[in-house]
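The chain contents come next:
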Amino acid sequence: MARILIVEDEPKLRQHVAQALVAEGFVVSVHESGASALETLAEHSFDLVLLDLMLPGQNGWQVLDNMKTFGLDSSVLVMSAISDTAHVIEALNRGAVDYLRKPFEIGELVARVRAALRKNSPQQALHYLVGDLEIDLMQRKVVFQGTEVILTKREFMILELLVANCNRIVSKALIAEKVWEVNFDMGSNVIEVHMSQLRKKLNNQVITTRVGMGYCIEGKLVTR
Ligand code: CA
């Protein structure tokens, strides 16, 4: 699932945006300053950055410029209370993929985030089929042996990762990176717990454990 970094100094809005995106199944990293955002961007990859313009310290323009300077090429969606067209044009010219004027309705933000992510990866599959397992990524629906399986958000993300890497071993570290937050405690057994639930929901037939290496789904993957 896509990873989104949020830079917003207004705590309420930051929390509101983060919660809405997490509820949609995105992995988010939240920052109140440009400096902290750039530090994280230098170490981890993100599919999209939501960037406020009026920030204390480095403002959004400087963050955009610094991203370019440091070769950080995540897509940027600007969200700003500055509503005049000149600023919108300026942001798009400086490389932002979209500009959302504040105040906005959260539903519009989510839709624009999805649209920006589609621009990123136009060839992304919408549907996976492996053996008796069928995953509809748009509707977040899983069908196994003809019956719909209800998964939690994390279980769905793990399954999506395993299927996208069909016939390859997916390590616990990769699951931690893609499904959990940036600072995941590798000592915890939370992945094993989720994996055991997920496995049970698929009648223990789909996911193979490779001891000491990770997890794997084998079969012929069909995408569309
Ligand atoms: Ca601000």
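Above: the structure in question.
Every value quoted in this text rests on a predicted model; they were computed, and no experiment measured them. (Residues numbered from 1 in each chain as written. Predicted model: local features only at pLDDT ≥ 70, side-chain atom pairs only at ≥ 80, totals over all residues. Heavy atoms only, no water.)

A. Region of interest: the coordination of the calcium ion. At the metal site, the calcium ion is ligated by D9 (OD), D52 (OD) and M54 (O), and these contacts range over 2.2 to 2.3 Å. The exposure class of D9 is partly exposed, given its relative accessible area of 29%. (Donors = N, O, S within 2.8 Å, 3.2 Å for Na, K, Ca; no water. Buried < 20%, exposed > 50% of the residue type's maximum accessible area, 1.4 Å probe, protein only.)

B. Seen up close, helix α6 (residues 153-164). For α6, built from twelve residues, the straight-helix expectation of 16 Å at 1.5 Å per residue is met to within 8% by its first-to-last C-alpha distance of 16 Å. When you tally the buried positions in α6, you get nine out of twelve residues, the bulk of the element. Along α6, the residues classified as buried are E155, F156, M157, I158, L159, E160, L161, L162 and V163. (Helix = DSSP H or I, 4+ residues; strand = E, 2+ residues; numbered from the N terminus. Expected span 1.5 Å × (residues − 1).)

C. Main features of helix α2 (residues 34-43). Within α2 the residues assigned to the buried category are G34, A37, L38, T40 and L41. Looking down the long axis of α2, one finds its buried residues gathered within 165 degrees of arc, a one-sided arrangement. What points out from α2, more than 90 degrees from its buried face, is the exposed set E39, A42 and E43. Against the buried residues of α2 lie β1 (3-7), β2 (27-31), β3 (48-52) and α3 (60-69). (Arc of directions from axis to C-beta. Contact = heavy atoms within 4.5 Å.)

D. The arrangement of the sheet that holds strand β6 (residues 127-130) in detail. Strand order across the open sheet formed by five strands is β9-β8-β7-β6-β12, with antiparallel pairing between neighbours. Edge positions in the sheet fall to β9 (147-149) and β12 (221-223), since each of these pairs with one other strand and no more. Adjacent strand axes in the sheet meet at a mean angle of 20 degrees, parallel and antiparallel pairs treated alike. Pairing of strand β7 (residues 133-136) with strand β8 (residues 141-144), which is carried by four bridges, proceeds in the antiparallel orientation. By the bridge assignment, E134 is partnered in β8 with V143. Taken strand by strand, α6 contacts β6, β7, β8 and β12, and its axis lies near 110 degrees from that of β7. (Pairing = 2+ DSSP bridges. Axes fitted to C-alpha atoms, helices over the stretch in contact; angles between N-to-C directions.)

E. Region of the structure containing the packing of aromatic side chains. As enumerated under the stated definition, the model contains zero aromatic pairs in all. When the ring centre of F46 is taken as origin, the NZ or CZ atom of R3, which lies over that ring, is 5.3 Å away. (Phe/Tyr/Trp six-rings, centres within 6.5 Å; stacked < 30°, edge-to-face > 60°. Lys NZ or Arg CZ within 6 Å of the ring centre and 35° of its normal.)

F. Local environment of the nonpolar core. Counting residues in hydrophobic clusters, the biggest one holds 32 residues, and the most contacted among them are L133, I135, L159, I175, L202 and I207. Of all the secondary structure elements, the ones that give two or more residues to this core are β6, β7, β8, α6, α7 (172-179), α8 (190-201) and β11 (214-217). Tallying contributions element by element places α6 first for this core, with seven residues. In this structure L159 touches L133, I135, V142, L151, L198, L202 and I217, once residues within four positions along its chain are discounted. Within the second largest apolar cluster, 22 residues are counted, among which are F46, L64, V76 and V88. (Core = buried A, V, L, I, M, F, W, Y, C linked by side-chain atoms within 4.5 Å.)

G. Structural context of the environment of R101. Along the polypeptide, R101 turns up in strand β5 (residues 98-101). When the C-alpha positions of R101 and W180 are compared, they lie 30 Å apart, and in sequence the two are 79 residues distant. Those residues within four positions of R101 in sequence are excluded, and the remaining contacts are S80, S83, D84, T85 and V88. Reaching out from R101, the side chain makes a polar contact with the backbone oxygen of S83 at a distance of 2.8 Å. (Polar contact = N/O pair within 3.5 Å; in protein donor to acceptor, adjacent residues only side chain to side chain.)

H. Molecular detail of the packing of α2 against α3. Their axes nearest at 10 Å, the elements α2 and α3 cross at an angle of 20 degrees. It follows that α2 is roughly parallel to α3 by the angle criterion. In terms of crossing hand, the pair formed by α2 and α3 is right-handed. Between α2 and α3, the residues in contact are G34, L38 and L41 and V63, N66 and M67, respectively. (Parallel < 35°, antiparallel > 145°, perpendicular 65-115°, else oblique. Left-handed = near helix turned anticlockwise from the far one by under 90°.)

I. Quick peek at the pattern of salt bridges. Tallied over the entire structure, the rule returns ten salt bridges. With a closest N to O distance of 2.7 Å, E24 and R114 form a salt bridge. Of the two residues, E24 sits in the loop between α1 (11-23) and β2 while R114 sits in helix α5 (residues 106-120), which places them 90 residues apart along the sequence. Judged by relative accessible area, which is 29%, E24 ranks as partly exposed. When its relative accessible area of 30% is taken as the criterion, R114 is described as partly exposed. Across the pair R112 and D98 runs a salt bridge whose closest N-O atoms are separated by 3.0 Å. Pair noted here: R112 is in helix α5 and D98 is in strand β5, with a separation of 14 residues, a long-range link. Among the residues examined, R112 registers a relative accessible area of 26% and is labelled partly exposed. (Salt bridge = Lys/Arg side-chain N within 4 Å of Asp/Glu carboxyl O.)

Read these as layout, nothing more, since geometry by itself doesn't imply function.
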